[in-house]
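A structural walkthrough
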Amino acid sequence: MSKTVQMLKNYVPYNEQEKTDIEQIIEAEEKLGQILTRDNRFCHLCGSAFVINKTHDKVLAIYHNIFDSWTFPGGHADGDDDMLYVAKKELEEETSLKSFKLLSEDPIAVDSIDIAAHFKRGKFVSAHLHMNVTYLFEADEEQTLQIKADENQNVGWLGLDELVEKSTEPHMVVIFKKIIERIRTNKF
């Protein structure tokens, strides 16, 4: 059993959606085996970072090339079994943010995210699930940011509601709203 699945067995889901998605992740590992790499073309684990500013009214967002939408930094586990580490690594790679503080050891969200079929680096990628574990961080919004041209075309701070408004992915809007609700009610 992966370290991530073990952690999820002890995680208290925020709502029914998280409970169901965690059950799906556990079942995927039990029935399909390896979910830590993209060798599993049906579903694989990913780690993401939801970064808020010090006044908790803005979020650090990237404009993702493939999804053509504003979203949070994150990426594939690629064999790593520590989604917090993956979230931090992806945050640094996709934004160049160097200084940030983890606000909770527990995830702020756990979601099975539908990924539509697409092309990546000239290769076709079939539709699949990203079994995503998102962590909440805080950072100073005055830090220098840089895009990672092969993954995103913009990076910047958006108001929490602005992220919801600017997202072109309805399934991600549901996730953003859940995280924002948790932030605003301090349920993390």
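Look up: the structure comes first, before these words.
What follows deals with helix α5 (residues 170-184). Since there are 3.6 residues in each turn of an α-helix, residues three or four apart along the chain are aligned in direction. For α5, which comprises 15 residues, the first-to-last C-alpha distance of 21 Å matches the rise-based estimate of 21 Å (1.5 Å per residue) to within 8%. The secondary structure elements touched by the buried residues of α5 are α2 (16-32), β1 (43-52), β3 (69-71), β6 (109-115), β9 (128-138) and α4 (160-166). The first or second residue beyond α5 is N186, which carries a positive phi of 55°.

The next thing to look at is the environment of L91. Along the chain, L91 falls in helix α3 (residues 83-95). On the accessibility criterion, L91 (0% relative accessible area) is buried. Placed 64 residues apart in sequence, L91 and E27 show a C-alpha to C-alpha distance of 28 Å. In this structure, L91 is in contact with A49, V51, L60, P73, S96, L97 and F100, ignoring residues within four places of it in sequence.

Further remarks concern the nonpolar core. One broad trend across soluble globular proteins is that nonpolar side chains are buried collectively. One finds I25, I35, L45, V51 and M83 to be the most contacted residues of the largest nonpolar core, which totals 31 residues. For this core, the secondary structure elements donating two or more residues are α1 (3-10), α2, β1, β2 (58-64), α3, β9 and β10 (152-159). The contact partners of M83, leaving out residues within four places of it in the chain, are T4, L36, L45, C46, G47, A77, V133 and Y135. Core analysis: the next-biggest nonpolar cluster, separate from the first, contains 23 residues, F50, L136, L160 and V164 among them.

Cut-offs applied
Every chain begins its residue count from 1, and numbering advances along the sequence as written. The predicted origin of the model limits local features to residues at a pLDDT of at least 70 and limits the giving and counting of side-chain atom pairs to 80 or more, whereas totals for whole chains, interfaces and linings rest on all residues. In computing side-chain properties, one takes all heavy atoms of the structure into account and sets aside hydrogens as well as water. Each helix is a run of H or I in the DSSP string that is no shorter than four residues. Each strand is a run of E no shorter than two, and both are numbered from the N terminus. Multiplying 1.5 Å by the residue count of a helix minus one yields the expected span of that helix. Contact between two residues is taken to exist if any of their heavy atoms lie within 4.5 Å; hydrogens are not considered. Per-residue accessibility, obtained with a 1.4 Å probe over protein chains only, is compared with the maximum for each type, and a residue is labelled buried under 20%, exposed over 50%, and partly exposed between these values. By convention a nonpolar core is built from buried Ala, Val, Leu, Ile, Met, Phe, Trp, Tyr and Cys residues, the set being connected through side-chain atoms within 4.5 Å.

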